[in-house]
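Letter by letter, the chains look like this.
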Amino acid sequence: MTIRSLGPWVSAIAAVVVVAITLRVWARSKRVLPRLATLALCLLVIAGAALTNVNIFEVMFHPYASPSFTDPASAQVDSDDKVLGVRINGEARAYPIRTMGYHHIVNDVVGGKPLAVTYCTLCHTGLVWSRTLNGRTLHFRLAGINNGNALMRDEETSSIWQQSTGEAIFGPWKGQHLSLIHSDELTFALWRAEQPAGLVLKPDPKYVSEYDPKDWEKHVEKTHTVIDTSKSGFPPHELILGVTNAGLSKAYPLKSILAAKIVQDQVGDFPILIAMGPDGSSIRIFKGRLGSAPMTFISTVGAGRIMRDAETGSDWNFEGCALSGKLAGQCLQAIDSNKDYWFDWLNHHPATQLFRG
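To keep things clear, this report deals only with the structure shown in the data block. (Residues numbered from 1 in each chain as written. Predicted model: local features only at pLDDT ≥ 70, side-chain atom pairs only at ≥ 80, totals over all residues. Heavy atoms only, no water.)

## Focus: the overall build of the protein chain
Next up, step 1: Counting its secondary structure elements, the protein chain contains eight helices and 26 strands.
Next up, step 2: In terms of overall dimensions, the protein chain has a C-alpha envelope of 95 × 45 × 40 Å along the principal axes.
Next up, step 3: In the protein chain, which comprises 357 residues, the share counted as buried stands at 46%.
Next up, step 4: Considering only intrachain contacts with a sequence separation of at least 6, the fraction spanning at least 24 residues in the protein chain is 55%. (Helix = DSSP H or I, 4+ residues; strand = E, 2+ residues; numbered from the N terminus. Buried < 20%, exposed > 50% of the residue type's maximum accessible area, 1.4 Å probe, protein only. Contact = heavy atoms within 4.5 Å.)

## Here's the deal with a nonpolar patch on the surface
Next up, step 1: A contiguous nonpolar surface patch, about 470 Å² in accessible area, is contributed by Trp26, Val32, Leu36, Leu39 and Leu43.
Next up, step 2: The element best represented in the nonpolar patch is helix 2 (residues 32-51), accounting for four residues.
Next up, step 3: Among the residues examined, Val32 registers a relative accessible area of 56% and is labelled exposed. (Patch = residues over 30% accessible without salt bridge, like charges linked within 9 Å, V, L, I, M, F, W, Y side chains within 5 Å. Areas by Shrake-Rupley, 256 points an atom, 1.4 Å probe, with all protein chains shown as cover. Salt bridge = Lys/Arg side-chain N within 4 Å of Asp/Glu carboxyl O.)

## Points about the sheet that holds strand 15 (residues 199-201)
What holds strands together in a sheet is hydrogen bonding between their backbones, with the strands either parallel or antiparallel.
Next up, step 1: The strand order across the open sheet built from five strands is 1-15-3-2-14, with neighbouring strands paired in mixed fashion. The sheet is open, and its two edges are formed by strand 1 (69-70) and strand 14 (184-187), each paired on a single side.
Next up, step 2: Across six bridges, strand 2 (residues 82-88) lies against strand 3 (residues 91-96) in antiparallel orientation. The residue bridging Val83 from the neighbouring strand is Pro96, located in strand 3. (Pairing = 2+ DSSP bridges.)

## Topic: unusual backbone geometry
Peptide bonds are trans in most cases, and residues, glycine excluded, mostly fall at negative phi.
Next up, step 1: Positioned with a positive phi, His104 is a non-glycine residue whose angle comes to about 75°.
Next up, step 2: Counting through the fold element by element, His104 comes out in the loop between helix 4 (97-103) and strand 4 (105-110).
Next up, step 3: The backbone phi angle of Lys261 is positive, close to 70°, even though this residue is not glycine.

## Notes on the environment of Met152
Next up, step 1: Along the polypeptide, Met152 turns up in strand 10 (residues 149-154).
Next up, step 2: Take Met152: its relative accessible area is 1%, and that puts it in the buried class.
Next up, step 3: The spacing of Met152 and Arg141 is eleven residues in sequence and 5.5 Å in space, taken between C-alpha atoms.
Next up, step 4: When residues no more than four places from it in sequence are discounted, the contact partners of Met152 are Ile105, Thr118, Trp129, Phe140, Arg141, Ala143, Ser159, Ile160, Trp161, Gln163 and Leu178.

## Looking at the state of the cysteines
Next up, step 1: Taken as a whole and assessed by the stated rule, the structure comprises one disulfide.
Next up, step 2: Each sulfur of the disulfide joining Cys321 and Cys331 lies 2.0 Å from the other. Between Cys321 and Cys331 the sulfur-sulfur dihedral comes to about 105°; the bridge is accordingly right-handed. In this pair, Cys321 is assigned in the loop between strand 23 (315-317) and strand 24 (322-324) and Cys331 in the loop between strand 24 and strand 25 (338-341), connecting sequence segments ten residues apart. (Disulfide = S-S within 2.5 Å.)

## Considering the pairing of strand 22 (residues 305-309)
Side chains on a regular strand alternate between the two faces of the sheet.
Next up, step 1: Judged from the four bridges that link them, strand 21 (residues 297-302) and strand 22 form a sheet pairing that is antiparallel. Bridge pairing links Phe297 to Asp309 in strand 22.
Next up, step 2: Here strand 21 folds back onto strand 22, and the loop between the two strands holds two residues, one of which, Ala303, carries a positive phi near 55°.
Next up, step 3: As consecutive antiparallel partners, strand 22 and strand 23 are separated by five residues, and within that stretch Gly313 has a phi angle of approximately 75°, a positive value.

## Regarding the sheet that holds strand 6 (residues 125-130)
Next up, step 1: Here four strands make up an open sheet; going across it, the order is 4-5-6-13 and the pairing antiparallel. Only two strands of the sheet have a single neighbouring strand rather than two, namely strand 4 and strand 13 (180-181).
Next up, step 2: Note that strand 5 (residues 113-120) and strand 6 share six bridges and pair antiparallel. Note that in strand 6 the partner of Tyr119 across the bridge is Gly126.

## Observations regarding helix 1 (residues 2-28)
Because an α-helix packs 3.6 residues into every turn, residues spaced three or four apart end up facing the same way.
Next up, step 1: The end-to-end C-alpha distance of helix 1 is 38 Å, a good match for the 39 Å that 27 residues give at a rise of 1.5 Å each.
Next up, step 2: Taking the largest bend as the criterion, helix 1 deviates by roughly 40°, centred on Pro8.
Next up, step 3: Looking only at helix 1, the buried set comprises Gly7, Ser11, Ala15, Val18 and Thr22.
Next up, step 4: Turning to helix 1, the residues buried within the fold contact helix 2. (Expected span 1.5 Å × (residues − 1). Bend = angle between axes of the 7 residues up to and from the residue.)

## A word on helix 2
Next up, step 1: Compared with the 28 Å implied by 1.5 Å per residue over 20 residues, the 29 Å span of helix 2 between its first and last C-alpha is a close match.
Next up, step 2: Taken together, the buried positions of helix 2 are occupied by Arg35, Thr38, Cys42 and Ala49. The arc enclosing the buried residues of helix 2, seen along the axis, measures out at 75°, which places them on a common side. Turned more than 90 degrees away from the buried face of helix 2 sit Val32, Leu33, Leu43, Leu44 and Leu51, all of them exposed.
Next up, step 3: Check the buried side of helix 2 and you find it contacts helix 1. (Arc of directions from axis to C-beta.)

Given below as structure tokens:
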């Protein structure tokens, strides 16, 4: 990172030196070959110096500088496509993964709150971060990759941030952390049913032909990773849901959750409930009880309900709210999680536990 930050200055000095050498050779030598060779070298160095000021990652994945939105009925998104859903102060928005996977970052304002909506296809992490820190509103751009995870650079301080942790790893704000904003990764059909008045990010018409195909995950799973996961017994591209509480972390393989439909466990002494949605694909995590009383949930279906608690017989929907019974109207606390590839989660949480149930 240090070399990269100094690159434009070093390249500019090198270009000046080579131009001076070229002029000297041109003045002293009357032979054509030395003149042409030195001129070619000069042009090559100048071109290299110019390229040090080009963000190659934004050339590959163009930024979406002015995102536009549409209503769910007009959105050109397949029902089974996944979206990142955000709801703040009554305002709901959905960011289709295939759009986000190309642009990686969308700077937006939802419910009056400046957000950086981010997605890294190499590690399958879709996370939303607050753009407000230390009283300043930051604007983020794609800056590269680090161990298979996207890097972001803020325009205000030029600090470099890790997408999957929200931590500044280089620059004036090194060691600072962005605040995570709660989001859900859902199928578009389920999000639309829950938020019919929400808005959906439209694809950028200039680059829509470059968006990843629907089966993009199959291609990403073949990419090389620099993190060795062999000791864990899990392949690097195993999809997991990662949960962190009080400094402890735990990873839940997606296959186990989808097979069980309901998973109850603890991270440290904190009870969690992982529930599969009615679409058989979307997943949410909640605190596994109301108040201090322990609760046991079982899977059930019908009339919007997905589970029932054994203690009161109340039926619950996928938003974590009781629809009927003694607890009708009460809602479980939603818990933040990180849908991630195993190699990336293990890299940033080396002491993580792995759920094997």
